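Descriptive structure summary
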Amino acid sequence: MNPVHCVHCGGLLSAAGHEKCRNPRTALEPPRYCPQCARRMVVQVTPTGWTARCSRHGETSSSGAVTTG
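Residues numbered from 1 in each chain as written. Predicted model: local features only at pLDDT ≥ 70, side-chain atom pairs only at ≥ 80, totals over all residues. Heavy atoms only, no water.

1. Overview of the overall build of the protein chain
A count of helices and strands for the protein chain gives one helix and four strands. Along the protein chain, from the amino end to the carboxyl end, the secondary structure elements read α-β-β-β-β. Counting the 69 residues in the protein chain, one finds 23% classified as buried. Counting contacts in the protein chain only where the partners sit at least 6 residues apart, residues at least 24 apart contribute 19% of the total. As presented, the protein chain carries roughly 5,000 Å² of accessible surface, and 54% of it is formed by carbon and sulfur atoms. (Helix = DSSP H or I, 4+ residues; strand = E, 2+ residues; numbered from the N terminus. Buried < 20%, exposed > 50% of the residue type's maximum accessible area, 1.4 Å probe, protein only. Contact = heavy atoms within 4.5 Å. Areas by Shrake-Rupley, 256 points an atom, 1.4 Å probe, with all protein chains shown as cover.)

This is the structure in structure tokens:
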């Protein structure tokens, strides 16, 4: 499934104004919003990586694995 929403601000990717979302600093940050439904995700950051969980679309992690919940 292709992402519809920005993972940093939750806005539509088709809308203008994502310049602040596309910079080297945000590339290192975990996603805060689900790319499918724009819900705020539960994010856990550890020294070895991060996990982000959407209540509808499951969990993703810095290792790239996606699990549905």
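2. A look at the packing of aromatic side chains
Aromatic ring pairs are reported here in terms of the distance separating the ring centres and the angle at which the planes meet. Overall, the coordinates contain zero aromatic pairs when judged by the stated rule. Lying across the ring of Tyr33, Arg40 places its NZ or CZ 5.1 Å from the centre. (Phe/Tyr/Trp six-rings, centres within 6.5 Å; stacked < 30°, edge-to-face > 60°. Lys NZ or Arg CZ within 6 Å of the ring centre and 35° of its normal.)

3. Section: the pattern of salt bridges
Between side chains of opposite charge, a pair can form as their charged atoms come close. Applying the stated criterion across every chain, the model contains one salt bridge. In this structure, Glu29 engages Arg25 in a salt bridge whose closest nitrogen and oxygen atoms are separated by 3.5 Å. By relative accessible area, Glu29 is classed as partly exposed at 31%. (Salt bridge = Lys/Arg side-chain N within 4 Å of Asp/Glu carboxyl O.)

4. Here's the deal with the confidence of the model for the protein chain
Per-chain confidence: the protein chain averages 87 in pLDDT, with 90% of residues scoring 70 or above. Across the protein chain, strand S1 (residues 42-46) holds the top mean pLDDT of 96, while strand S4 (residues 66-67) sits lowest at 58. (pLDDT = per-residue confidence, 0-100.)

5. A look at the nonpolar core
In this structure, Cys34, Met41, Trp50, Ala52 and Cys54 together form the largest nonpolar core, which totals five residues. If we skip the residues at most four places from it in the chain, Cys54 touches Cys34, Cys37, Arg39 and Met41. (Core = buried A, V, L, I, M, F, W, Y, C linked by side-chain atoms within 4.5 Å.)

6. A few points about the pairing of strand S2 (residues 49-54)
With five bridges connecting them, S1 and S2 associate as antiparallel partners. Pairing of Thr46 across the sheet is with Gly49, part of S2. Hairpin connection of S1 to S2: two residues between the antiparallel strands. Across four bridges, the pairing between S2 and strand S3 (residues 58-61) is antiparallel. Along S3, the bridge assignment pairs Cys54 with Gly58. As consecutive antiparallel partners, S2 and S3 are separated by three residues. (Pairing = 2+ DSSP bridges.)

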